Structure formats: structure tokens, C-alpha cells
Amino acid sequence: MRIAVLPGDGIGPEIMKQGVAVLDAIASKYHHEVEYEEAICGAQAIDLVGDPFPPETFETCLRADAVLFAAVGDPRFDNDPTAKVRPEQGLLAMRKKLGLFANIRPVQTFKCLLHKSPLKTELVEGADFICIRELTGGMYFGEKYQDNDKAYDTNYYTRPEIVRILQVAFEYARRRHHHLTVVDKANVLASSRLWRQIAKEMEPSYPDVRVDYMFVDNASMRMIAEPTFFDVMVTENTFGDILTDEGSCISGSMGLLPSASLGEHTPLFEPVHGSWPQAAGKNIANPLAQILSVAMLLEHFDLKEEGALVRRAVDASLDAYVRTPEIQVEGGGVYGTKEVGEWIVNWIKEQSIK
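Residues numbered from 1 in each chain as written. Predicted model: local features only at pLDDT ≥ 70, side-chain atom pairs only at ≥ 80, totals over all residues. Heavy atoms only, no water.

*Asks:* So what exactly am I meant to see when it comes to the packing of aromatic side chains here?
*Replies:* Aromatic ring pairs are reported here in terms of the distance separating the ring centres and the angle at which the planes meet. Here the structure, examined in full by the defined rule, presents 6 aromatic pairs. Considering the side-chain rings of F229 and F230, the 5.1 Å spacing of their centres and the 90 degrees angle between planes classify their relative orientation as edge-to-face. Through pairs of rings, three or more aromatic residues link up here, namely F129, F229 and F230. Positioned over the ring face of Y172 is R175, at 4.3 Å from the centre of the ring. (Phe/Tyr/Trp six-rings, centres within 6.5 Å; stacked < 30°, edge-to-face > 60°. Lys NZ or Arg CZ within 6 Å of the ring centre and 35° of its normal.)

Next comes the structure, spelled out in C-alpha cells:
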């Protein structure tokens, strides 16, 4: 397996190091061969070559079987509204060029961390659903304009774009609990009405899937009031961006949740959190989302036993209170990014396999 490694900015290189170490431990135990090719992106790439997703990085991704990505972002650009080039443009370009139209974000809780959720335990216990976000259309990629007096972003979608993401959502619902929620704003937006029309047209092809439709404002409230209601949720790009970040807080920390982006070319696996530049180099960032992204990568290639071992290792670290500061219990030990990663690697090495 050839993996393109894109550490990116901020805490990216630190958490990526632990993700790669875990993948190496799995490869050694199961006698797999993994080759890595590292590439630049985000603010680092802007500083080096002036492009947040340079052609060389794109070629590296195309050559790979999978992309393992960390995060991009830098406050130098966030605080400059006149900046013509931004790190996040590299992420958008990567999604577009690789045709990564389906973002898969699992939202799950960990029993030993229910107390860390901002929601009451009785609300979040048992929450386990998947947000499927369309990733290469909508306002992020539609026609844009800005001057000193007006600006607009066009929320543009075509039937083929909507059909392919809904197909992904229906299939995920079939593999889970046969419940799909289509999230839109069809009472106001023409683009949402097309989404709803097409979803209803596709329903008869999936008679085993129960489908309900929910306006995005209602969905955002329902995720907080009753997160266990959802099984698979599908929505357009902008709504998905907002709702998936909201969903990531249910678990108690954004540092716990991985994601996958799938489409026409090389699949990409990444944590849902950002680059957290304020924590860069301080050895305090939680590497678990990056490590669980490795589990998703393995499972994507049908290496289910290997992926399950990574997940058990993460669970074991949480149960042993080997945790970074934001999820550590009072009086628990002090562990940093490196220490958590090393503990998980050692735990994997100690396990016997059939």
C-alpha cells in the first residue's frame, strides 16, 4: 500500500507522526508493506511555493492508494480578509481535483467519556450516527463575487452531483440501521427543493430504507436535543460543514472523531478538527482522531481485523486514562500527543493475533 502523507499546518505534523506510527505497527504485525510519500499543503506550501495545493502534491496523491491528511490553517491568513491565497483553498482544491465528493463523518460517543460531552449523559449515551456531506459542490465552489458594496456566493448543484451523494447515503443506511435523514432548506432554497425532489424519486429503489426529511434548522436542534434519533444523515456542502462540526462536539472532544472523503480518485482520511495553531509544538494535541482515521483507512481496504485492532487500542488507552489534557480526568496522569501515540503503538505490539 502506498500512502500519501500530508501533515499540513499547526498540530498536523505532531498528530500525523502518531498516526503513521500506528499504521507502521499494524503493518508489522500483519506483514503488510506500506510505503509513504510526504507532500506539502496549506500554509506551509504557500510559504514554500506560493500555492496551498501545488501540482507536485496533487501528483503525489494520484500515485497513492490513499491519502492520510492532518489539517491546514494559519491565523496569519484568518486575520487578513484581503489575502488572495489561503491555506483552506488547498483543501478545497484537493477535494475538487481528486473528485472527493462524499465526506463520511461518524459521530459516536465513548462510554468512559460521556461526562465530557457538553450535553447531558442521558441524551448522548448510545448516540452513533454518520453524517454524509456533499463535498465538491454548492456555495464553496459556485460563482462568487465581492466588491466594497456587495458580495454573493452561488449555491449551485446539478442532478448528477445530487444523485451520486444520495446513492452513497442510501447504501450506508442499508449497511447500518436502514434509516436515512435528508437535511435541506426546501421551504426557502431552490437548490434544496431539487435535493428533496431527487431524494423522493430515489426512495422507491431503496424500499428497505426509512427516509425522513428535515429542514437544516430543525436538524441542528434535533442533533442536540435527541442525537440518538439519527442513523445516517445526508446534506449539501455548507449545511454539512456546519452540522458535522456540531456533531463532533457530542462526543466531548473534536480530537476523537475521524473522517473519510471518497470519490473519483484517491480516497482521503483525516481528523475532523482543524490545525489548532496555538497548540503547535506543545505536545498537547489529541492524536486519537488521526489514529482513528488510520482505522477508517484500513477498513476502506477491507482490512477489517486491522482496523478493529486500532479501535480496540484507542479504547484501551481511554480506559487506562492515557489521555491528552482536554479529556483527562481529575488526578489522571499527564500524557501528551507523543505519549498517547507511543502507548497505543506498544499496546498493539503486545496483542496476539490468530
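*Asks:* When you look at helix α10 (residues 237-248) in this model, what are you seeing that I'm missing?
*Replies:* Under the 1.5 Å per step criterion, the end-to-end length of α10 is 16 Å for 12 residues, consistent within 8% with the ideal 16 Å. With 9 of 12 residues buried, α10 lies mostly within the body of the structure. Of the positions making up α10, those classed as buried are N237, T238, F239, G240, L243, T244, E246, G247 and S248. The secondary structure elements touched by the buried residues of α10 are β4 (102-108), β5 (128-134), β8 (179-184), α8 (190-202), α9 (216-225) and β10 (232-235). (Helix = DSSP H or I, 4+ residues; strand = E, 2+ residues; numbered from the N terminus. Expected span 1.5 Å × (residues − 1). Buried < 20%, exposed > 50% of the residue type's maximum accessible area, 1.4 Å probe, protein only. Contact = heavy atoms within 4.5 Å.)

*Asks:* Please explain the side chain of Q290 as it appears in this structure.
*Replies:* Take Q290: it is sitting in helix α11 (residues 288-300). Q290 sits in the buried class, given a relative accessible area of 0%. Ignoring sequence-local partners within four residues, the contact set of Q290 consists of I15, M16, G19, L68, F69, A70 and P271.

*Asks:* I tried to follow the state of the cysteines on my own but got confused; where do I start?
*Replies:* Linking two cysteines covalently via their sulfur atoms produces the bond known as a disulfide. Applying the stated criterion to the full structure yields 0 disulfides. Here C61 is not disulfide-linked; the sulfur of C41 is the nearest cysteine sulfur, at 8.1 Å. You can call C61 buried: its relative accessible area is 0%. No disulfide involves C131; its nearest neighbouring cysteine sulfur is the one of C249, lying 12 Å away. A residue is classified by how much of its surface remains accessible, and C131, at 2% relative accessible area, is buried. (Disulfide = S-S within 2.5 Å.)

*Asks:* I'm lost on the sheet that holds β5 in this one. Help?
*Replies:* Strand pairing in a sheet takes place through backbone hydrogen bonds and is either antiparallel or parallel in direction. With respect to topology, 10 strands assemble into an open sheet ordered β2-β1-β3-β12-β11-β4-β5-β10-β8-β9, the strand pairing being mixed. The open sheet has two edge strands with one neighbour each: β2 (35-38) and β9 (210-215). Neighbour to neighbour, the strand axes of the sheet diverge by 25 degrees on average, direction disregarded. Relative to strand β3 (residues 66-71), strand β1 (residues 2-8) runs parallel, the two being bridged by 5 bridges. (Pairing = 2+ DSSP bridges. Axes fitted to C-alpha atoms, helices over the stretch in contact; angles between N-to-C directions.)

*Asks:* Before we go on, may I ask you to explain the environment of K200 in this structure?
*Replies:* Mapped onto the fold, K200 is located in helix α8. Assessed through its relative accessible area of 46%, K200 is described here as partly exposed. Along the primary structure K200 and E161 are separated by 39 residues, whereas in three dimensions their C-alpha atoms are 16 Å apart.

*Asks:* How do you make sense of the packing of helix α7 (residues 159-175) against α8 when you look at a structure like this?
*Replies:* The description of two packed helices rests on the angle between their axes and on the distance between the axes. The contact between α7 and α8 brings their axes to 10 Å, and the two run at 50 degrees. Taken together, α7 and α8 sit at an angle that is classed as oblique. Where α7 crosses over α8, the two elements pack in a sense that is right-handed. Where α7 abuts α8, its residues R159, I162, V163, I165, L166, Q167 and F170 lie against L194, W195, Q197, I198, A199, E201 and M202. In terms of residue class, the contact of α7 with α8 is built from 10 nonpolar, 2 polar and 2 charged. (Parallel < 35°, antiparallel > 145°, perpendicular 65-115°, else oblique. Left-handed = near helix turned anticlockwise from the far one by under 90°. Nonpolar A, V, L, I, M, F, W, Y, C, P; charged D, E, K, R; others polar.)

*Asks:* Would you mind showing me how to read the pattern of salt bridges here?
*Replies:* A side chain of one charge can pair with a side chain of the opposite charge if their charged atoms are brought near each other. Following the criterion strictly, the structure yields 21 salt bridges and no others. The closest approach of N and O atoms between D47 and R76, which form a salt bridge, is 2.9 Å. Note that D47 is positioned in helix α2 (residues 42-49) and R76 in helix α4 (residues 75-78), a separation of 29 residues in sequence. Notably, a salt bridge pairs D217 with K185, separated by 2.9 Å at the nearest N-O pair. Of this pair, D217 sits in helix α9 while K185 sits in the loop between β8 and α8; the two residues are 32 residues apart in sequence, bridging distant segments of the chain. Owing to a relative accessible area of 37%, D217 belongs among the partly exposed residues under this scheme. When salt bridges with common partners are traced through the structure, they connect D47, D74 and R76 into a single cluster. (Salt bridge = Lys/Arg side-chain N within 4 Å of Asp/Glu carboxyl O.)

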